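Residues per chain are reported as follows:
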Amino acid sequence: MKRLGSIFFKTYNQEFADSLINRSFRLMNQEKLYLESNFSIENLATRLNVSSCLLSQIIHDKLDQNFFDLVIHYRIQEAKKVLENPKSQQMTMDKLAFEMGYSSISAFFDDFKQHTNQTPSEYRKQMNLICGSS
C-alpha cells in the first residue's frame with residue numbers, strides 16, 4: 001500500500017507540474033509578460049498562485065533551464081519577429097531592446113548573438129535578403 005501511495009503522489013505531482021508549465025506558457029504567450037523590464041519569477045508565480053521556489057524548481061525539472069533562460073528565449077523569439085517585419089525597418093536597436101524588456105542594449109545584443117549566432121542588425125539584413133526587402 002505504501003508503494004501505491006508513492007506512485008499516486010508522483011503522478012499527481014507530475015500532472016501538477018505539467019499543468020503549471022502549460023499555464024505559464026499560456027500566460028507568457030497571451031500576455032507577453034516577458035516584455036516587462038521588471039518581470040520576475042515572483043511576478044509569474046504570483047499570477048499562477050504558487051511559490052516562486054516551486055515554480056523555479058518545476059521550470060528547471062521540466063524544461064531543463066532556469067527562469068531567466070526561459071525569459072530570454074521568449075524575448076529573443078519576439079525580437080526576431082519584429083526584425084522580420086518589414087514595417088519595423090526604421091526601428092532602432094535601442095528601441096527594440098527596450099521594447100523586448102531589456103534595460104541594457106549590450107545585454108540584448110549578447111543574448112541575441114548567443115541564441116542566433118548573429119547580431120540583431122545581421123539578422124535583420126539576412127531577413128531583408130531572404131524576403132526581398134531593402
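Predicted model only: the values in this text are computed from it and were never measured.

J.: An account of helix α2 (residues 41–48) is needed here, citing residue identities and associated values.
T.: When α2 is considered as a whole, its buried residues turn out to be Ile41, Leu44, Ala45 and Leu48. Taken around the axis of α2, the buried residues stretch over an arc of 100°, which confines them to a single face. One or two steps after α2, the chain reaches asparagine 49, where phi turns positive at roughly 60°.

J.: Can you tell me about the nonpolar core, naming the residues and giving the values?
T.: Residues Phe39, Leu44, Leu48, Leu55, Ile59 and Phe67 are the most contacted members of the largest nonpolar core, which totals 20 residues. For this core, the element with the highest residue contribution is helix α1 (residues 2–31), accounting for five residues. If near-sequence neighbours (up to four positions away) are discounted, phenylalanine 39 is found in contact with Met28, Leu33, Tyr34, Leu44, Phe67 and Val71. The next biggest cluster of nonpolar side chains, apart from the first, holds 15 residues, and it includes Leu83, Met91, Ala97 and Phe112.

What counts and what doesn't
- Residues numbered from 1 in each chain as written.
- Predicted model: local features only at pLDDT ≥ 70, side-chain atom pairs only at ≥ 80, totals over all residues.
- Heavy atoms only, no water.
- Buried < 20%, exposed > 50% of the residue type's maximum accessible area, 1.4 Å probe, protein only.
- Helix = DSSP H or I, 4+ residues; strand = E, 2+ residues; numbered from the N terminus.
- Arc of directions from axis to C-beta.
- Core = buried A, V, L, I, M, F, W, Y, C linked by side-chain atoms within 4.5 Å.
- Contact = heavy atoms within 4.5 Å.

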